[in-house]
Amino acid sequence: MSLNQINSHEAYVRYLSENPDEIDALFRELLIGVTSFFRDPESFEVLKTDVLPDLLGNLGTDA
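A few points on the structure.

Cut-offs used in this document
- Residues numbered from 1 in each chain as written.
- Predicted model: local features only at pLDDT ≥ 70, side-chain atom pairs only at ≥ 80, totals over all residues.
- Heavy atoms only, no water.
- Helix = DSSP H or I, 4+ residues; strand = E, 2+ residues; numbered from the N terminus.
- Buried < 20%, exposed > 50% of the residue type's maximum accessible area, 1.4 Å probe, protein only.
- Phe/Tyr/Trp six-rings, centres within 6.5 Å; stacked < 30°, edge-to-face > 60°.

1. Section: unusual backbone geometry
Moving on, step 1. Even without being a glycine, Gln-5 presents a positive backbone phi close to 55°.
Moving on, step 2. Here Gln-5 is to be found in the segment before α1 (9–18).
Moving on, step 3. Since its relative accessible area comes to 71%, Gln-5 is described here as exposed.

2. Brief notes about the packing of aromatic side chains
To describe a pair of aromatic rings, one takes the distance between the centres and the angle between the planes.
Moving on, step 1. The tally for this structure, following the rule as stated, stands at 1 aromatic pair.
Moving on, step 2. Between Tyr-12 and Tyr-15, the aromatic rings sit 6.4 Å apart at their centres with planes inclined by 20°, giving stacked as the arrangement. Separated by 3 residues within a single helix, Tyr-12 and Tyr-15 lie in helix α1, roughly one turn from each other.
Moving on, step 3. The class for Tyr-12 is buried, based on a relative accessible area of 9%.
Moving on, step 4. Judged by relative accessible area, Tyr-15 falls into the partly exposed class, the value being 25%.

So, in structure tokens, the structure goes:
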């Protein structure tokens with residue numbers, strides 16, 4: 001939406017219906033084309049030590 005300077009979802013839906021190539025571009029953007037992240041131990045280590053504790057640290061034990 002921002003690449004095409006469109007500010008509302010309704011306008012973007014209209015743009016999609018008028019520009020079939022944009023549908024393909026959107027589809028490609030939503031896919032994860034590279035799976036190396038899932039095979040990278042360093043990525044998981046950062047998730048384990050930095051990201052997840054911050055996200056889950058405020059959860060109570062009575063959840």
